[in-house]
Amino acid sequence: MKRCLAFMVAMTFLIGVILFSTQFDLTANAASSKVIKLTYYSTSAEVNTMFEKMFKRFHELNPNIVVELIPIGVGEGQLEKLQSLYASGNAPSAANIDAGVARLFKDKLLEFDPKTDKWLSLIEKDALYAGMDNGKIIGIPFSVQGYGLLYNKRVVEKAIGGKFDPYSIRTRNDLENLFKKIEKIGVAPTLIHGANWSLGAHYLGLVYSAQSRKMEDGMKFIEDLKKGKVKLIENKIFNGYMDTFDLLKKYNLRKKDPLVADYFKDVQDFAQGKCATFFMGDWAWTVMNTIKNKDKEFGLIPVPWSNNPNDYGNTQIAYSAPKVQVIDKSQNSVEKQKAAKKLLEWMHATKEGQKFYHDAGFLMPYKNFDKTGLNPLVSSTAEYVKKGLVLNIGAYVYNPLPLDFWEKTGASMQKYLAGKIDRKQLAKEIEDYWKSKANK
């Protein structure tokens, strides 16, 4: 009887353990099957399709995490849209934004910690700086980009009657002589994209950055502009770049209607050889890659501002990590923050995630990134980097500049491009803009 009773007690205990374990397992399964919905705000409109494919694959690997893309159209204001998302209580879980915008929202962003986020050690140090604020990592870079004058190798070599050496363009005279040869074969020598971002951020960015090899000096130059200590019309580098800009205007494919600023049309015309060079960056490949009947070989050359080949900026292309990936902590739960961090790690630190960027035409500043088989524009950028021929444009990319600087100064450049103002008026408008930002 005692043995029977003991057996029954043991069985009851065992059944209880099984039931408890089953209940625990069911709870665990329920937790693991809970769907976490993330939103991702992208300001790289040209690769929205790439992000959608990435998020689909990430969901396949992580069935309990769904990522919704919040896209932005080409030319749409990224700051205004982000502000509206926060104001409506719909802050994106993660976002791909300009470094300057990240600093504006820094109090709302999750800080990355190299001690726990071990994968950050894969990021090249100079690129990691793009997402730092007062020593804190609030964003991580996803690509580095080079820009200058893209060139169509077939057209250029037809014009010069032989093999083209991009490193042979070391002065403005070199560039003008090349343009004259191109014009003789009936092709427009160059193309200026008339958008404010291209003119205000990229072209004027050359002026700020070429002031010195030291980024600190470039930042000081901008601060001096704010204090009214700089007279651009007396600055040799400003005048040099504007002399080159006048050259580009003279040979511009769009000179009859320079402010059209149709990005996709401009990229297509360049890719198909309707112009020989194009002031733009290697990111143009994301669109060029989709164009039919395009030429096959392309590269970059610098924008020389003087006739001294030793002047800094004449033989260097511009190079930076302009955008960073951030995670919101103010309106997204800890659970979502962890899921977002998992997403960013997969996107940037794993071979599978990096392949999406590689195939789309990006150069990533990660030590484990495969640099073989890159597209011709990115390969050209990589060659300049390897040779150390890069212009440090961090002075205006990483510096916490006013977020409307490219819009406002770009508008002045548009007026100059269209012949509405002269160089003195342009210099004054740019100075007036910066002085309006004093102590801000």
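Model, not experiment: these values are computed from the prediction. (Residues numbered from 1 in each chain as written. Predicted model: local features only at pLDDT ≥ 70, side-chain atom pairs only at ≥ 80, totals over all residues. Heavy atoms only, no water.)

## A closer look at the packing of aromatic side chains
Move 1: If you walk through the whole model with that rule in mind, you get 29 aromatic pairs.
Move 2: Joined through ring pairs, the aromatic side chains of Tyr147, Tyr203, Tyr241, Phe245, Phe279, Trp283, Trp305 and Tyr416 make up one cluster.
Move 3: When the ring centre of tyrosine 416 is taken as reference, the NZ or CZ atom of lysine 249 above it lies at 4.4 Å. (Phe/Tyr/Trp six-rings, centres within 6.5 Å; stacked < 30°, edge-to-face > 60°. Lys NZ or Arg CZ within 6 Å of the ring centre and 35° of its normal.)

## Focus on empty space enclosed by the protein
Move 1: Taken as a whole and assessed by the stated rule, the structure comprises two cavities of 30 Å³ or more.
Move 2: Forming the boundary of the largest cavity are Leu82, Tyr86, Pro92, Ala95, Ile97, Phe105, Leu109, Val326, Ile327 and Asp328.
Move 3: Elements supplying a minimum of two residues to the lining of the largest cavity: helix H3 (78-87), strand E3 (94-98) and strand E11 (323-327).
Move 4: Roughly 40 Å³ of volume is contained in the second largest cavity. (1 Å grid on protein atoms, 1.4 Å probe; cavity = no way out; pocket = protein on both sides within 12 Å on 5 of 7 lines; lining within 4 Å. Points joined across faces, edges and corners; volume = space filled by probe spheres on them. Helix = DSSP H or I, 4+ residues; strand = E, 2+ residues; numbered from the N terminus.)

## Structural notes on the side chain of lysine 294
Move 1: Turning to its location among the elements, lysine 294 is positioned in the loop between helix H12 (285-288) and strand E9 (298-301).
Move 2: Of note is the side chain of lysine 294, whose polar atom sits 3.5 Å from the backbone oxygen of isoleucine 291.
Move 3: Sequence-distant contacts of lysine 294, that is, excluding residues within four places in its chain, are made with Ala271, Gln272, Trp285, Met288 and Asn289. (Polar contact = N/O pair within 3.5 Å; in protein donor to acceptor, adjacent residues only side chain to side chain. Contact = heavy atoms within 4.5 Å.)

## Quick word on the nonpolar core
Move 1: Among the nonpolar cores identified, the biggest contains 76 residues, and Tyr203, Leu206, Tyr241, Phe245, Met288 and Trp434 are the most heavily contacted of them.
Move 2: By size, the runner-up hydrophobic cluster in this structure holds 61 residues, among which are Ile36, Phe58, Val326 and Met364. (Core = buried A, V, L, I, M, F, W, Y, C linked by side-chain atoms within 4.5 Å. Buried < 20%, exposed > 50% of the residue type's maximum accessible area, 1.4 Å probe, protein only.)

## Notes on the sheet that holds strand E6 (residues 140-141)
Move 1: Taken in spatial order, the five strands of this open sheet run E2-E1-E3-E11-E6, and their pairing is mixed. Among the strands making up the open sheet, the edge pair consists of strand E2 (65-70) and E6.
Move 2: Of the strands in this sheet, strand E1 (36-42), E2, E6 and E11 touch helix H13 (residues 334-349), which is tilted by about 55° from E1. (Pairing = 2+ DSSP bridges. Axes fitted to C-alpha atoms, helices over the stretch in contact; angles between N-to-C directions.)

## Considerations on the confidence of the model for the protein
Move 1: Per-residue pLDDT for the protein has a mean of 90; in total, 91% of the residues score no lower than 70.
Move 2: Counting interchain partners and residues more than four positions distant, the pLDDT-below-50 stretch residues 1-31 has zero contacts. (pLDDT = per-residue confidence, 0-100.)

## A look at helix H2 (residues 48-61)
Move 1: If you check H2, its first and last C-alpha atoms are 20 Å apart, about what 14 residues at 1.5 Å a residue would give, namely 20 Å.
Move 2: Where H2 is concerned, the buried positions are Asn48, Met50, Phe51, Met54, Phe55 and Phe58. Along H2, the residues classed as buried sweep out an arc of 150° about the axis, all on the same side. Across from the buried face of H2, at angles greater than 90 degrees, the exposed residues are Lys53 and Lys56.
Move 3: Of the surrounding elements, those touching the buried residues of H2 are E1, E2, E3, H13 and helix H14 (351-360). (Expected span 1.5 Å × (residues − 1). Arc of directions from axis to C-beta.)

## Description of the packing of helix H7 (residues 172-184) against helix H10 (residues 236-250)
Two quantities define a packed helix pair, namely the angle between the helix axes and the distance between the axes.
Move 1: Where H7 meets H10, the closest approach of the two axes is 11 Å, and the angle between their N-to-C directions is 0°. In terms of axis orientation, H7 runs roughly parallel to H10. Residues Arg172, Leu175, Glu176 and Phe179 of H7 form the contact with H10, whose participating residues are Gly240, Asp243, Thr244, Leu247, Leu248 and Lys250.
Move 2: Its residues placed into classes, the contact of H7 with H10 shows four nonpolar, two polar and four charged. (Parallel < 35°, antiparallel > 145°, perpendicular 65-115°, else oblique. Nonpolar A, V, L, I, M, F, W, Y, C, P; charged D, E, K, R; others polar.)

## Quick look at the environment of isoleucine 137
Move 1: You can see isoleucine 137 is positioned in strand E5 (residues 136-137).
Move 2: Accessibility expressed as a relative area gives 6% for isoleucine 137, which makes it buried.
Move 3: C-alpha of isoleucine 137 to C-alpha of lysine 106: the two residues are 31 residues apart in sequence and 9.8 Å apart in space.
Move 4: Look past the residues within four positions of isoleucine 137 in its chain and what remains in contact with it is Leu110, Glu111, Phe112, Pro114, Leu120, Leu128, Gly131 and Met132.

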